[in-house]
Structures are given as C-alpha cells and as structure tokens.
Amino acid sequence: IWRYCRSTGREEPVDGAVFVTGADSGMGQNTTLHLAKVGYHVFAGCYSKDSFEQYADMDNVTPLVINVKDEKSVKKAADRVRKEIEGSDGEISGLFGVLQCAGISYVAPFEYIPMTMFRDQVEVNYFGYVYVAQAFLPLVKESCSKDGARRGRFCFTSSGPLPGPGVPFITSYLGAKWAGDALCQGMRVELKLRQLPIDCCMLSPGVVKPTRLAEDGQKLLEKSFESMPAKAKTEYYDMIDAFRRFQLEEPGTHVSMVGKQMERIMKHGRPYLRYFVGPDAVASTVVGCLPTGLREFLLRNTLMKHFKDCPTFIGE
C-alpha cells in the first residue's frame, strides 16, 4: 500500500508551456528561470513591467503583466497566453502548467491590523489563486485533451501546510493560505471525478531565502505599524521584533529548491498532493498534529524564544 501511495507513475515529457505568477522575484523568478532552462516555454506573470528586463535574453520566456487580485487583469493575461500559443504555428503545443507563486505578507497583530491590509492579503493570497485558476483552466483543458498530450498541472504555493500550527502575527496571511489549501484539495478531487487529465498540487515551503519578503520585511513591518494606533507599537512591537529575529536567524532553504520542486511537480505522472521545500515545512505538519499544549509550548520555545517576557506556556 505504501509503495502504491508513494508511486508517481510514468514521467511526463517536457512539452509546451507553463504560466508562472510572481515572476518578478523570489520563488516565481526562480521557477521561471529553472523551468525555462529545463526546456519549457514559460509565460512569466509579473506585477511590474520593470521585471521584464531580466528575461530579455531568454527566447523561451514571455513576460507579461498581471495583477492577480484584479480579475480583469487576470483574464487579459489568459487571453494573451492563448493568443501567443495559437500564433506560434505549433511551436508551443499548449499550456500544461499554471504555477502560482505570487504572494504578499504583512506581519501585524490581529487586534490592530487595518482591514485594508487584511483584505489585501486575502485578495492576493486567496482570491488571486481563484481568479488565475478559473481563467486558465479552459486553456489547460484544451491543451491536455489533444491526442497524445501530456497531463496538466495547477500548483498553489502554501505556507504552513495543513494540518499546521497557528502562527502569531501572520493571521491574515496564514488564513488566506490555508483557504488556498482547501481550494487546491477540492479542485483536485473535482477534476479527478471529471476524469480530466489535470492534477492539482500544493507547494509547501518553510523559510526560503533569499526572497523579497525577507529582504523587505522591516520596511513592511514599519509600514504596518504606521497604519495602526500608537498603542499597537507599545503593546506588540517587542513581540513581533522577537518573532522576526527568529525568522532572520533561521538558515532556511535556498530559493533554488523551489524551482527544482516545481520541475518534479510537472514531471511526475501521478503527482503527490503536497511537495515540501525545507525540513521546517515537514516539521510544521508534524507539529500541527500534536496536542494543543505541547504545540504551543514548542512555538514559545522556537518562534518566540527572543521575547524575554513570554510566559513559560502560552496562555499562562
């Protein structure tokens, strides 16, 4: 039974194109570069045109602008990809992968986080997944339905896989990501019930470095507190600073592993539901299954170990 469950079946060929969101930097950028090197044609979805220059010398990368929280922008990007494929005279056989790496995160206490910032994270990290998946599904279905075509893929990037521990100060971010996890699992089963040759997977990274989220973390933190009442800084700043210090000290996993896992997701004939990046991502799932008291004790002695006034046990 174990051998059957862990079997990934016959490998799928490197064929056609993939669409990647968040290709400006970090995980999306690395996924774009790695899959282009492997041999796919990559449509690199960027938030800013300024990011196009990094792909200027790559013949098999087509950058295009997309704002994943704007449904019209997403549909425009899907139309552009369709036109590029149809106008390639068969050189691009179809779209076989939609790999969603775009994300945004603000570190802030739930008590004071402005609703504009809360909604922004839900729009990008959850509804962005919904908009992109719905807009590109018809084209992936058409591509995979051709005679002799390979299977298709939809990949969603999570953070803190389910079951996983609730982490303080990123409640809006994690809530949106967990919603995306539920979306992926439900969509995966629906496509199987339809017997469509398309699979849905989750990429679950732990601490990944370097990324823009890590580099711009302090700026985003200061921006968050500027938007909150003054007492928010008095009550929570030391806690959040301790939380960020732990993250900065962690060696993490190099961002290049993201591209390699994306390659595996595209290659496996019968892919897993979840692919991990880093041992801390695996540990998060294990910790999430522990009794509540033990789970919170571990969080206190890891994530919050630099906060000198932290209680011995969370909740004391």
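Counting of residues starts from 1 at the beginning of each chain's written sequence and follows it residue by residue. Confidence filtering applies because this is a predicted model: local features only for residues at pLDDT of at least 70, side-chain atom pairs given and counted only at 80 or more, and all residues used for totals across whole chains, interfaces and linings. Each side-chain value is worked out from all heavy atoms of the structure, with water and hydrogens disregarded.

(A) Here's a closer look at the nonpolar core. We define a nonpolar core as any set of buried Ala, Val, Leu, Ile, Met, Phe, Trp, Tyr and Cys residues linked to one another through side-chain atoms lying within 4.5 Å. Exposure classes here rest on a 1.4 Å probe applied to the protein chains alone. A residue is buried below 20% of its type maximum, exposed above 50%, and partly exposed in between. By size, the foremost hydrophobic cluster in this structure holds 88 residues, and its most contacted members are Phe19, Val81, Leu95, Phe136 and Phe154. Strands are runs of DSSP state E lasting at least two residues, helices are runs of H or I lasting at least four, and both sets are numbered from the N terminus onward. Among the elements that take part in this core, helix α4 (residues 115–144) stands out by supplying 10 residues, more than any other. In this analysis, two residues are considered to be in contact whenever any of their non-hydrogen atoms come within 4.5 Å of each other. When neighbours within four sequence positions are excluded, Val81 is seen to be in contact with Phe19, Phe43, Leu64, Leu95, Phe136 and Leu139.

(B) Representation of the environment of Ser159. Turning to its location among the elements, Ser159 is positioned in the loop between β5 (152–157) and α5 (171–193). Residue Ser159 is classed as buried on the basis of its relative accessible area, which comes to 18%. Taking the C-alpha atoms as reference points, Ser159 and Lys76, separated by 83 residues in sequence, lie 28 Å from one another. With residues up to four places along the chain from it excluded, the contact list for Ser159 reads Tyr173, Leu174, Lys177 and Trp178.

(C) Just the pattern of salt bridges, in detail. By definition here, a salt bridge exists when the distance from a side-chain nitrogen of Lys or Arg to a carboxyl oxygen of Asp or Glu is within 4 Å. Scanning all chains against the criterion turns up 9 salt bridges. Here Glu86 makes a salt bridge to Arg82, at a shortest N to O gap of 3.7 Å. In this pair, Glu86 and Arg82 are both assigned in helix α3 (residues 71–86), 4 residues apart and thus about one turn of the helix distant. You can call Glu86 exposed: its relative accessible area is 56%. Here Arg82 makes a salt bridge to Glu142, at a shortest N to O gap of 3.0 Å. Placement of the pair is Arg82 in helix α3 and Glu142 in helix α4, with a sequence separation of 60 residues.

(D) Highlighting helix α7 (residues 217–226). Of the positions making up α7, those classed as buried are Gly217, Leu220, Leu221, Ser224 and Phe225. All buried residues of α7 project into a common sector of 135° when viewed along the axis, lining one side. With respect to the buried face of α7, the exposed residues turned more than 90 degrees away are Lys219 and Glu226. Starting at the helix axis, one direction is taken to each C-beta atom, and the arc is that of these directions.

(E) How the structure looks around unusual backbone geometry. In this structure, Phe169 takes a positive phi of about 75° despite not being glycine. By secondary structure assignment, the location of Phe169 is in the loop between β5 and α5. Classification of Phe169 by relative accessible area gives buried; the value is 9%. With a phi close to 60°, Gln195 is a non-glycine residue in the positive phi region. Here Gln195 shows up in the loop between α5 and β6 (198–205).

(F) Main features of the packing of aromatic side chains. Any Phe, Tyr or Trp ring, taking Trp's six-membered ring, that has another such ring centre within 6.5 Å forms a pair; planes under 30 degrees apart are called stacked, those over 60 apart edge-to-face, and the others tilted. According to the stated counting rule, one finds 10 aromatic pairs in the structure shown. An angle of 65° between the planes, with centres 5.2 Å apart, marks the rings of Tyr126 and Phe127 as edge-to-face. Overall, Tyr126 belongs to the partly exposed group, its relative accessible area being 22%. Ring plane angle 50° and centroid distance 5.3 Å describe the contact between Phe225 and Tyr237, whose orientation is recorded as tilted. Of the two residues, Phe225 is situated in helix α7 and Tyr237 in helix α8 (residues 230–249); the sequence distance between them amounts to 12 residues. On the basis of relative accessibility, which here comes to 18%, the residue Tyr237 falls in the buried class. Grouping aromatic residues by their ring pairs yields a cluster made of Tyr112, Phe169, Tyr236 and Phe243. We call a charge positioned over a ring when the NZ of a Lys or the CZ of an Arg lies within 6 Å of the ring centre and within 35 degrees of the ring normal. The positively charged end of Lys233 is found above the aromatic ring belonging to Tyr237, 5.2 Å away from the centroid.

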